[in-house]
Amino acid sequence: MDKHTVTVFRGDGIGPELVEAAMKVLDCAGAPLSYEVFDVGEAEYERNGKLIPDEALASFERTRVMLKSPITTPVGKGFRSLNVTLRGKYNLYANIRPVKSIPAIETPFKNVDIVIFRENTEGLYAGVEDVISEDEVHALKIVTRPACENIIRAAFDYAVKNGRKKVTCVHKANIIKRADGMFLSIFRDIAKEYPDIEADDKIIDNTCMQLVMRPEQFDIMVMQNLYGDILSDLCSGLVGGLGVVPSSNMGADHAMFEAVHGSAPDIAGQRIANPTAFLWSACLMLDHLGEKDCADRIRNAIDQVLNEGKHLTRDLHGNAGMDEYVDAICEKL
Ligand code: NAI
């Protein structure tokens, strides 16, 4: 069988452990993949003075598919986020984050089934900041029609393709009248092209309250970059935390798959991280490559291990380390 070649970025913190875990599970499932693996990120920068080696970028440009583990970004100083850079460089405009209740995981919410569509290339993440004086800084929120259209259309197209009922636009157009106003007005225009999908909108602050009171009312949600970043972590808290939410970053030509969480320096190297979010991201990659059967086999094995509840990692109130959990999944496979 022909193998798909994919680029793998090993990243920082818990990144290398997660890559090791994912490759083990993918191998056990017989995934038809071959890998071009690169060290990238803060640690690589300290070693070789470059965040991403040129060969790593060349690989992604060739394969167009990447499994990426998290990367550390210095806070308030230092280099620009490599994630933001990659998303911009390859116009990976749609950050898609499915958040679903897992029956085996105890949370106050049972029926969460939300897919977040986060605009991934602009907004306040464009990095346009002007230091006016020592006491005044301006951060520009960049909003362009093509980027709004791309993410909003991606949300509606996904709704149609996946038999979903409703798309909610999340915004702050009551205050940020022009920038968020344009996003909302484009949303309303595009919604008319999809008469079978219910379309509504909510202000971001109200949305946060509704999410922690009645999350089951939401289906697909589409929003600008910063709102999507924050709501993704909020929503992950509804279903068991950052260890269980995967994502894809989709552009017209390239696709990058990663967990929603970061490099978790507080638990790095301890082999106690939950690899589920990263494994599910690898499954989204297999779906993208047309290998849905293999992805489903892995998802089934993970479901079985989660449902049995014997080998859960600590974030899910178990005692297992990452290796025990991964071995249990491989056993099922
Ligand atoms: P984080 O997501 O790395 O961690 C937040 C909390 O969740 C920590 O207590 C951590 O231990 C826990 N956690 C995260 N993933 C987990 C997992 N798989 N299993 C068990 N527990 C897990 O967020 P934080 O601490 O704010 O950021 C750390 C670094 O990661 C920063 O440098 C940040 O810029 C970077 N980051 C990178 C991302 C990426 O590469 N896509 C995304 C988000 C943050």
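Just so we're clear, the structure is a prediction, and the values are computed from it rather than from any experiment.

Thresholds, definitions, all that
Residues numbered from 1 in each chain as written. Predicted model: local features only at pLDDT ≥ 70, side-chain atom pairs only at ≥ 80, totals over all residues. Heavy atoms only, no water. UniProt positions renumbered as here; feature names shortened; annotations may be inferred. Helix = DSSP H or I, 4+ residues; strand = E, 2+ residues; numbered from the N terminus. Core = buried A, V, L, I, M, F, W, Y, C linked by side-chain atoms within 4.5 Å. Buried < 20%, exposed > 50% of the residue type's maximum accessible area, 1.4 Å probe, protein only. Contact = heavy atoms within 4.5 Å. Near = heavy atom within 4 Å. Polar contact = N/O pair within 3.5 Å; in protein donor to acceptor, adjacent residues only side chain to side chain. Nonpolar A, V, L, I, M, F, W, Y, C, P; charged D, E, K, R; others polar. Domains from an automatic or database assignment. Buried area = accessible area lost by both parts, 1.4 Å probe. Salt bridge = Lys/Arg side-chain N within 4 Å of Asp/Glu carboxyl O. Pairing = 2+ DSSP bridges. Axes fitted to C-alpha atoms, helices over the stretch in contact; angles between N-to-C directions. Phe/Tyr/Trp six-rings, centres within 6.5 Å; stacked < 30°, edge-to-face > 60°. Lys, Arg positive; Asp, Glu negative; His and termini not counted.

K.L.:
Give a detailed account of the UniProt feature "domain: Isopropylmalate dehydrogenase-like" (unreviewed entry) in the chain, specifying residues and quantitative values.
P.N.:
Here the UniProt feature "domain: Isopropylmalate dehydrogenase-like" (unreviewed entry) sits at residues 5–329. Counting secondary structure, residues 5–329 comes out at 41% helix and 20% strand; the distance between its end C-alpha atoms is 24 Å.

K.L.:
Before we move on, can you summarise the nonpolar core with the specific residues and values?
P.N.:
The biggest cluster of nonpolar side chains holds 92 residues, and the ones touching the most others in it are Phe 117, Ile 152, Phe 156, Val 167 and Val 222. Residue contributions to this core peak at eight residues, all from helix α9 (residues 276–288). Apart from residues no more than four positions distant in its own chain, Phe 156 is found in contact with Val 167, Phe 187, Ile 190, Ala 191, Tyr 194, Ile 197 and Ala 199. Phe 9, Val 40, Leu 86 and Tyr 90 belong to the second-largest nonpolar core, a separate cluster that totals 16 residues.

K.L.:
With reference to specific residues and values, describe the site of the ligand.
P.N.:
Close to the ligand lie 20 residues, the nearest being Thr 73, Gly 262, Ala 264, Asp 266 and Asn 274. Between the ligand and Lys 68, the relevant distance is 3.3 Å, taken from an oxygen atom to a side-chain nitrogen or oxygen of the residue. Contact distances for the ligand include 3.0 Å between an oxygen atom and a side-chain N or O atom of Asn 83. In terms of residue class, the shell around the ligand is built from nine nonpolar, seven polar and four charged.

K.L.:
Can you tell me about the domain arrangement of the chain, naming the residues and giving the values?
P.N.:
Once the domains are mapped, the chain shows domain 1 (1–100 + 240–333) and domain 2 (108–114 + 121–238). Domain 1 puts 17 residues into the contact, and the matching count from domain 2 is 18 residues. Here domain 1 packs against domain 2, burying approximately 1,300 Å² in sum over the two surfaces, 57% of which is carbon and sulfur. At the boundary of domain 1 with domain 2, the tally comes to zero salt bridges. The interface formed by domain 1 and domain 2 holds four residue pairs in polar contact (both at pLDDT 80 or more) in total. Among the elements of the structure, α4 (82–89) and β4 (94–100) are those that each provide at least two residues to the side of domain 1 that touches domain 2. In terms of residues, the side of domain 1 that touches domain 2 owes the most to one element, β4, which gives six residues. Taken together, the residues of the side of domain 1 that touches domain 2 sort by class into nine nonpolar, four polar and four charged.

K.L.:
Could you give an account of the sheet that holds strand β1 (residues 4–9), with specific residues and numbers?
P.N.:
The sheet built from 10 strands is open, its strands ordered β2-β1-β3-β12-β11-β4-β5-β10-β8-β9 with mixed pairing. Edge strands, defined here as strands with exactly one partner in the open sheet, are β2 (33–38) and β9 (198–203). Across the sheet, the axes of successive neighbouring strands diverge by a mean angle of 25 degrees, strand direction being ignored. Here strand β5 (residues 113–119) runs beside strand β10 (residues 220–223); their pairing, made up of four bridges, is parallel. Among the inter-strand pairings, Phe 117 is bridged to a residue of β10, identified as Val 222. The strands that helix α6 (residues 179–191) touches are β8 (166–171), β9 and β10; relative to β8, the one it contacts most, it runs at about 165 degrees. On top of the sheet, α9 reaches β1, β2, β3 (65–68), β11 (246–250) and β12 (255–259); it is set at about 160 degrees to β12, its chief contact.

K.L.:
Pulling in residues and values, what's your account of the packing of aromatic side chains?
P.N.:
Inspection of the entire model under this criterion finds four aromatic pairs. Between Phe 60 and Tyr 90, the aromatic rings sit 4.9 Å apart at their centres with planes inclined by 75 degrees, giving edge-to-face as the arrangement. Residue Phe 60 is located in helix α3 (residues 54–63), and its partner Tyr 90 is located in the loop between α4 and β4; the two are separated by 30 residues in the primary sequence. A relative accessible area of 9% means that Tyr 90 is categorised as buried. When the ring of Phe 117 is compared with that of Tyr 158, the centres are 5.3 Å apart and the planes differ by 65 degrees; the resulting orientation is edge-to-face.

K.L.:
Help me get a handle on the side chain of Glu 119, residues and values and all.
P.N.:
Checked against the element boundaries, Glu 119 lands in strand β5. The side chain of Glu 119 sits in the buried core without any salt bridge; Arg 118 is the nearest counter-charge, 7.4 Å away. In this structure the side chain of Glu 119 is engaged in a polar contact, spanning 2.9 Å, whose partner is the backbone nitrogen of Glu 122. Among residues more than four places away in sequence, those in contact with Glu 119 are Tyr 93, Ala 147, Ile 151, Met 223, Gln 224 and Asn 225.

K.L.:
Help me get a handle on unusual backbone geometry, residues and values and all.
P.N.:
Its identity as a non-glycine residue notwithstanding, Asn 91 has a phi of 45 degrees, on the positive side. Its location among the elements puts Asn 91 in the loop between α4 and β4. Asn 91 gets classed as partly exposed once you look at its relative accessible area, which sits at 38%. With phi around 55 degrees, Arg 271 is a residue other than glycine that occupies positive phi space. Within the fold, Arg 271 resides in the loop between β12 and α9.

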